Amino acid sequence: MSLIDKLDHNRLPAHIAIIMDGNGRWAKARGLDRGEGHKEGVEAIRRVAEAASRASVQYLTLYAFSTENWRRPSEEVNGLMDLMVYALTRETAALKKNGVRIVCIGNVDRLPGHVRETLQECIHETAGGERLTLVIALSYSSKWELTEAARKISRDVKAGTLREEEINEEILSQYLTTRDLPDPDLLIRTGGEQRISNFLLWQCAYTEFYFTETFWPDFNEEELYKAILNYQKRERRYGMISEQIESDQK
Ligand code: IPE
Ligand code: IPE
Ligand code: MG
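Residues numbered from 1 in each chain as written. Chains lettered and ligands numbered in written order. Predicted model: local features only at pLDDT ≥ 70, side-chain atom pairs only at ≥ 80, totals over all residues. Heavy atoms only, no water.

## A word on the site of ligand 1
Working step 1: Residues in close proximity to ligand 1 include Met-20, Asp-21, Gly-22, Asn-23, Gly-24, Arg-25, Arg-34, His-38, Ala-64, Asn-69, Arg-72 and Leu-80, which together make up its full environment.
Working step 2: Separating an oxygen atom of ligand 1 from a side-chain N or O atom of Arg-34 is a distance of 2.8 Å.
Working step 3: Here Arg-72 contributes a side-chain N or O atom positioned 2.7 Å from an oxygen atom of ligand 1.
Working step 4: Elements with a minimum of two residues in the shell around ligand 1: α1 (23-29) and α2 (34-54).
Working step 5: If you tally residues by element for the shell around ligand 1, the top one is α1, at three residues. (Near = heavy atom within 4 Å. Polar contact = N/O pair within 3.5 Å; in protein donor to acceptor, adjacent residues only side chain to side chain. Helix = DSSP H or I, 4+ residues; strand = E, 2+ residues; numbered from the N terminus.)

Next up, the structure:
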């Protein structure tokens, strides 16, 4: 029996975010180049996106490349960019067929032209997808995003289109790249590290975290369902006490 049958369909996370970590160590353990780990990581993305869709998860955000990852050796960065183009080109038709809409968050201006164009084409082609929104965080970091938001808010206040008194949490959220997305319910990090690495700092204010030692290329549907089951055992209190949550659920 697959773990999918054990999920409580009334308590599914609407939005799962994943820090896909451990590709390099997966490859190293096999005496392979880091690039082989990234390639195998693409296969894991396909598996996990399908599994999420099967479990009726509505939003899946994948941390694919951080602002800090630009500091890696240029050979690895170029390899990752080529892989991105390869994967997007290969998958666009299937994504469209399966009702998957691709969205990108991050500083796309830093991407090489051909990567940006392939990405835009995929976003355009899959725009009608209604089953799963697959958000790719590419050249993304939370501090970059929040700094950009501060700049835009200041510009709008100066231009008179936003009044300082109007600024609240809701308004600030509207200045983030995630403005159209709900906050993640569950954040998974593979690869054993227990840190956030500049990912969705604002949006994860009340997200449940799940860490696993499994390297990303080994992550699969059963591992995803295991994480969801673990999430379903938790009580999200948002600062309140258990009794309040229980009476809310009645
Ligand atoms: C995650 O795997 C993929 C990216 C950051 C692009 P890593 O490449 O960080 O793998 P490790 O952490 O070195 O094993
Ligand atoms: C985080 O992984 C970024 C992505 C998964 C894209 P890293 O491997 O870059 O994280 P740190 O730098 O070790 O924290
Ligand atoms: Mg890593």
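From this point, things continue past the structure.
## Structural notes on the sheet that holds strand β2 (residues 59-66)
Working step 1: Across the sheet, six strands lie side by side as β3-β4-β2-β1-β5-β6; this open sheet has parallel pairing. Across the chains shown, the open sheet's two edge strands, defined by having one partner strand only, are β3 (100-105) and β6 (208-211). On average, each strand axis in the sheet is inclined to that of its neighbour by 20°, with strand direction left out of account.
Working step 2: Of the strand pairs in this sheet, strand β1 (residues 15-19) and strand β5 (residues 186-189) are connected by four bridges, and their pairing is parallel. When the sheet's bridge partners are listed, Ile-19 is paired in β5 with Arg-189. (Pairing = 2+ DSSP bridges. Axes fitted to C-alpha atoms, helices over the stretch in contact; angles between N-to-C directions.)

## What about the packing of α2 against helix α3 (residues 74-97)?
Working step 1: The N-to-C vectors of α2 and α3 enclose an angle of 30°; their axes lie 10 Å apart at closest approach. Between α2 and α3, the angle is such that the two are roughly parallel. In terms of crossing hand, the pair formed by α2 and α3 is right-handed. The segment α2 lies against α3, with Arg-34, His-38, Lys-39, Val-42, Glu-43 and Arg-46 engaging Glu-76, Leu-80, Leu-83, Ala-87, Arg-90 and Glu-91. (Parallel < 35°, antiparallel > 145°, perpendicular 65-115°, else oblique. Left-handed = near helix turned anticlockwise from the far one by under 90°. Contact = heavy atoms within 4.5 Å.)

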